[in-house]
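# Chains, contacts and geometry: an overview
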Amino acid sequence: AQSVTQLDSHVSVSEGTPVLLRCNYSSSYSPSLFWYVQHPNKGLQLLLKYTSAATLVKGINGFEAEFKKSETSFHLTKPSAHMSDAAEYFCVVSSFSGSQGNLIFGKGTKLSVKP
Amino acid sequence: DTEVTQTPKHLVMGMTNKKSLKCEQHMGHRAMYWYKQKAKKPPELMFVYSYEKLSINESVPSRFSPECPNSSLLNLHLHALQPEDSALYLCASSWGEPNTGELFFGEGSRLTVL
């Protein structure tokens, strides 16, 4: 069975400081993993994805994530937060179960950025 | 700018009304999705169309009726909704097999049922 756990429902950082949003997954198959961002009253936008190539994945807006199989983690980081990064972030795992693809969303982490 | 376009952006309807939400994409994607999102929650999958055929229906009440007229269009017909159906309805599309890869989302249609 597949599952994804975002370890923090809310993270607050100051502008210019590092961002860490944590995600752990469980999958019986080789997973693909994604981070999406959702700004208020907007749709979701893909930040980055892991699909069994390089374990360190770089995305848009300076975000990156590292796939660690031994820790079943896919944490999202950014060296320096910007006010525009304030949003909801979703970690998503994709894998096959039987004959059907399966996308599982985490519950989301709200990122607040203080001036 | 999103390449998945949803209309209308906002919709208010009474419980006896019939309305439709529309979604359009011109990226050549063959899988299209409807998600429902309540405040402070992740999106919940409602329907998936693959090559214009309904492939997944997540036990959604019949007052929601999806339609895929062609590979670029996806509709969600609404009838006799309840106030608890008020939510943001998101359309998405993707390449390849459904539910396996990157989703491209529209900005959503915010529905209020009075």
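Nothing here was measured: the structure is a model prediction, and the numbers come from that model.

## Focus: the state of the cysteines
Throughout the structure, instances matching the rule amount to 2 disulfides over all chains. Each disulfide pairs two cysteine sulfurs, and for A:Cys23 the partner residue is A:Cys91, the sulfurs being separated by 2.0 Å. With the S-S bond torsion at -70 degrees, the cross-link from A:Cys23 to A:Cys91 turns out left-handed. Note that A:Cys23 is positioned in strand 4 (residues 23-26) and A:Cys91 in strand 10 (residues 87-97), a separation of 68 residues in sequence. Its relative accessible area of 0% is what places A:Cys91 among the buried residues. There is a disulfide in this structure between B:Cys23 and B:Cys91, and the S-S distance comes to 1.9 Å. Because the torsion about its S-S bond is -70 degrees, the bridge between B:Cys23 and B:Cys91 counts as left-handed.

## Thoughts on the side chain of B:Gln37
Here B:Gln37 is to be found in strand 4 (residues 31-37). Given a relative accessible area of 6%, B:Gln37 falls into the buried group. In this structure the side chain of B:Gln37 is engaged in a polar contact, spanning 2.8 Å, whose partner is the side chain of A:Gln38. Apart from the residues within four sequence positions on either side, B:Gln37 is in contact with A:Gln38, A:Leu44, A:Phe90, B:Pro42, B:Pro43, B:Ala87, B:Leu88 and B:Leu90.

## A short note on the packing of aromatic side chains
Counting across every chain of the model gives 12 aromatic pairs over all chains. Taken together, a centroid distance of 6.2 Å and an interplanar angle of 35 degrees make the contact between A:Phe34 and A:Tyr36 tilted. A ring pair is formed by A:Phe63 and A:Tyr89, whose centres lie 5.6 Å apart and whose planes are at 45 degrees; its orientation type is tilted. Taken together, the residues span a long stretch of sequence, with A:Phe63 in the loop between strand 7 (56-58) and strand 8 (64-68) and A:Tyr89 in strand 10 at a distance of 26 residues. A:Phe63 sits in the buried class, given a relative accessible area of 2%. Relative accessible area serves as the criterion here: at 1%, A:Tyr89 is assigned to the buried category. Among the aromatic residues, ring-to-ring pairing joins A:Phe34, A:Tyr36, A:Phe90, A:Phe105, B:Tyr33, B:Tyr35 and B:Phe105 into one connected group.

## Focus: the environment of A:Phe105
Relative to the helices and strands, A:Phe105 is located in strand 11 (residues 100-105). Dropping the residues within four chain positions of it, A:Phe105 is found in contact with A:Val4, A:Leu44, A:Phe90, A:Cys91, A:Val92, B:Tyr35, B:Pro42, B:Pro43, B:Leu103 and B:Phe105.

## Considering the interface of chain B and chain A
At the interface, 19 residues of chain B touch 19 residues of chain A. Buried surface at the junction of chain B and chain A, summed over both partners, amounts to about 1,500 Å²; 56% is from carbon and sulfur atoms. One can count 2 salt bridges joining chain B with chain A. With its nearest N and O atoms 3.5 Å apart, the salt bridge here joins A:Lys42 to B:Glu107. For the side of chain B that touches chain A, the secondary structure elements donating two or more residues are strand 4 and strand 9 (87-94) of chain B. Here the residues of the side of chain B that touches chain A are counted per class, giving 9 nonpolar, 5 polar and 5 charged.

## Section: unusual backbone geometry
Geometrically, the link from B:Thr7 to B:Pro8 is a cis peptide bond, its omega value of -10 degrees lying close to zero. By secondary structure assignment, the location of B:Pro8 is in the loop between strand 1 (4-7) and strand 2 (10-13). For A:Thr72, which is not a glycine, the phi torsion comes out positive at approximately 45 degrees. In this structure, B:Ser59 is a non-glycine residue whose phi angle is positive, near 55 degrees. Along the chain, the position of B:Ser59 falls in the loop between strand 6 (53-57) and strand 7 (64-70). Overall, B:Ser59 belongs to the exposed group, its relative accessible area being 72%.

Rules behind the numbers
- Residues numbered from 1 in each chain as written.
- Chains lettered and ligands numbered in written order.
- Predicted model: local features only at pLDDT ≥ 70, side-chain atom pairs only at ≥ 80, totals over all residues.
- Heavy atoms only, no water.
- Disulfide = S-S within 2.5 Å.
- Helix = DSSP H or I, 4+ residues; strand = E, 2+ residues; numbered from the N terminus.
- Buried < 20%, exposed > 50% of the residue type's maximum accessible area, 1.4 Å probe, protein only.
- Polar contact = N/O pair within 3.5 Å; in protein donor to acceptor, adjacent residues only side chain to side chain.
- Contact = heavy atoms within 4.5 Å.
- Phe/Tyr/Trp six-rings, centres within 6.5 Å; stacked < 30°, edge-to-face > 60°.
- Buried area = accessible area lost by both parts, 1.4 Å probe.
- Salt bridge = Lys/Arg side-chain N within 4 Å of Asp/Glu carboxyl O.
- Nonpolar A, V, L, I, M, F, W, Y, C, P; charged D, E, K, R; others polar.

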